Amino acid sequence: MIVARRSRPPVALGIAVAISCVAAETVIAVFLAQVTPARSLGVVYLLGIVAVAAVWGLWLGMATAVISTLALDFFLTPPTGSLTLGKAEDWAVLAVFLAVTLLAGSLSRLSRSLALEIDARGESDLAAGLSRVLLETPDVKAAEPAAARLLAETLDLPYAAIERDPTPGDRRHVAFPLHDRGVPVASLLVPTGLPRSTLRRLRERVVPSLEILLRAARERERAADQQVALRRLATLVARGTPPEELFGAVAREVGQVLEARHVAVIRYEPGATATNVGVWNHGSVATMPLGLRWRLERGSASELVARTGETGRVGPIRAPEGAGEFLSSLQRMGVTSAVGCPVTVGGRLWGAVVVASTSEPLPEDVENRMRDFTDLLATAIANAESHEKLEASRARVIAAADATRRLIERDLHDGVQQHLAALMLELRAATATAPADPDEIAGVLYHTVLGLDEALEDLRGLARGLHPALLSRQGLEPAIKALARCSPVPVELSVCGDRVAERTEVTAYHVVSEALANVAEHADASVAHVDLTIEDAAVRLSIRDDGAGGADTAHGTGLLSIRDRVEAIGGKLEISSPPGGGTSLFAEIPITGD
């Protein structure tokens, strides 16, 4: 047992044992002195010296050797009752005792080191075996019984069990709680009656290692479940699933992955309100209803995200006296804490995903795990909005094309066609009457030439409206200068650049034309500024006025037409129009081939 000990007993116990051994050995030596020479009685003290040195180490063993030498000299070496230590044999006895102490202490230290190394190797083998079982098995719950069996076999225990829920010990079991970030999540059960050294080894070395492995295994399982959930949602997004169905799927997947009681996908509305557009309720009588619209209240996760635009955590959630309906409903549902993660679409806060707990606070890593879902949701919403904008843009393009065709048809019918029809009737009449007077024939021909000139001018006007000839012949700069000269509002120009692709020039020309028309019709401005540069394979247009501002891009056809033209060839358009601050338009039009 001395060799097998891994740690030393308390020093106070060692001192007591040393004193007791010396006292008992002295009594025994006094009795033996009647039949044995005094010089040979030193052997009696060796047993205590060896025991103390082996168990408590060299220093206490040496002290025991000195005390034993003094006791031998005082009680057994003539003249008894006095301490002389002046004879050579007394120092020889002390030297023997110290040598035995050194030998026993060294052997004890070596045996203890070997025992600790054996334990360390066994625990390393156990940790390696548990790692293989827990980290290589997809289902951690199914791997836990195999891990418990391996632990029992390695430590030579009758049995061991891992219970998923924290379980207290009883008369048959000793329970070691297993924690995950300080929260009890499971228990290791072993039979009662095990040696204290085994229980101490379990508590101090085995259980911490098992906690780390279980945490890693569960993190791996959670990460795998989350990736599967994200793939399912990505498939729905790729299929173009309707937003209403997608919102519910996001809430469900987040709730199942995070093992949450309540999850809501909310959309922020005007007037500091929000609406549940997707919900998940698990195992609760009180639920968070779909379609619920409420006013944002301070103290809730949804209000915190709306106010800060960042991920936020609230708790404990309380509904003080006078609180609104929303906080009161959370209290009735038993919600104690919540985490909200913003959903940002195109640089604007669209809504949030909120996860609520009714018991323990949500884990610290919930925010990071939620971001993957909110990023995917934001992408899906952006795709849906882009699709809607594309459909609306296509509808406007078709409507504009129809309106243009109707306008051309009306202009042709009311203008050129009428002129040509009148000329045709006059020529037919002249042919029928066949005037003989040359002057009369010359008059008819002159009148016909004038009519043809008018018809030709009408056709030229139509052509200029469709595609200015100046733009085709000389390029963008002269064409824009011509627009500025015709504008009823003074225009300050800064235009520089060479000829570019025709499609780009036509788009830039119509942007300037439509923008100046809007300034003249709606802005009530005294001056407009047009700056055009060509750089980085793009035409950059800036059009500003000092008018009333307040232009709404969601209404009216002018700004929508500009946006449609720019985005149709992959360009970007930014419009700023604060009330009373004028309107600024910036367009970046890529230079594309014809």
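Parameters and conventions
Residues numbered from 1 in each chain as written. Predicted model: local features only at pLDDT ≥ 70, side-chain atom pairs only at ≥ 80, totals over all residues. Heavy atoms only, no water. Pairing = 2+ DSSP bridges. Helix = DSSP H or I, 4+ residues; strand = E, 2+ residues; numbered from the N terminus. Axes fitted to C-alpha atoms, helices over the stretch in contact; angles between N-to-C directions. Parallel < 35°, antiparallel > 145°, perpendicular 65-115°, else oblique. Left-handed = near helix turned anticlockwise from the far one by under 90°. Contact = heavy atoms within 4.5 Å. Nonpolar A, V, L, I, M, F, W, Y, C, P; charged D, E, K, R; others polar. Buried < 20%, exposed > 50% of the residue type's maximum accessible area, 1.4 Å probe, protein only. Patch = residues over 30% accessible without salt bridge, like charges linked within 9 Å, V, L, I, M, F, W, Y side chains within 5 Å. Areas by Shrake-Rupley, 256 points an atom, 1.4 Å probe, with all protein chains shown as cover. Salt bridge = Lys/Arg side-chain N within 4 Å of Asp/Glu carboxyl O. Phe/Tyr/Trp six-rings, centres within 6.5 Å; stacked < 30°, edge-to-face > 60°.

(A) Local environment of the sheet that holds strand β6 (residues 293-295). The sheet built from six strands is open, its strands ordered β6-β5-β4-β9-β8-β7 with antiparallel pairing. On the outer flanks of this sheet lie β6 and β7 (312-314), each paired with one strand and no other. Each strand of the sheet is rotated relative to its neighbour by a mean of 30°, with strand direction disregarded. The pairing of strand β5 (residues 273-281) with β6 spans three bridges and is classified as antiparallel.

(B) Quick look at the packing of helix α13 (residues 476-486) against helix α14 (residues 502-523). At a minimum axis distance of 10 Å, the contact between α13 and α14 shows a crossing angle of 15°. The orientation of α13 relative to α14 falls into the category roughly parallel. Seen along the crossing, α13 lies across α14 with a hand that is right-handed. Contact with α13, carried on its side by Leu 476, Ala 479, Ile 480 and Leu 483, involves Glu 505, Ala 508, Tyr 509, Val 512, Ser 513 and Leu 516 of α14 and no other residues of that element. A breakdown of the residues in the contact of α13 with α14 according to their chemical character gives eight nonpolar, one polar and one charged.

(C) Quick peek at helix α8 (residues 301-308). Buried within α8 are the following residues: Ala 301, Ser 302, Glu 303, Leu 304 and Val 305. Its buried side turned inward, α8 meets β4 (262-269), β6, β7, α9 (325-333), β8 (337-345) and β9 (348-357). Among the residues trailing α8, Gly 309 stands out with phi positive, at a value near 75°.

(D) Quick peek at a nonpolar patch on the surface. Taken together, the side chains of Val 11, Ile 15 and Ile 19 define a hydrophobic patch exposed on the protein surface, amounting to about 280 Å² of accessible area. Looking at where Ile 19 falls in the secondary structure, it is placed in helix α1 (residues 11-32). Residue Ile 19 is classed as exposed on the basis of its relative accessible area of 52%.

(E) Molecular detail of the packing of aromatic side chains. Taken as a whole and assessed by the stated rule, the structure comprises one aromatic pair. Measuring from ring centre to ring centre gives 5.4 Å for Phe 247 and Trp 350, while their planes differ by 45°; the resulting arrangement is tilted. In this pair, Phe 247 is assigned in helix α7 (residues 243-258) and Trp 350 in strand β9, connecting sequence segments 103 residues apart. Given a relative accessible area of 6%, Phe 247 falls into the buried group. Residue classification places Trp 350 among the buried residues on the basis of a relative accessible area of 7%.

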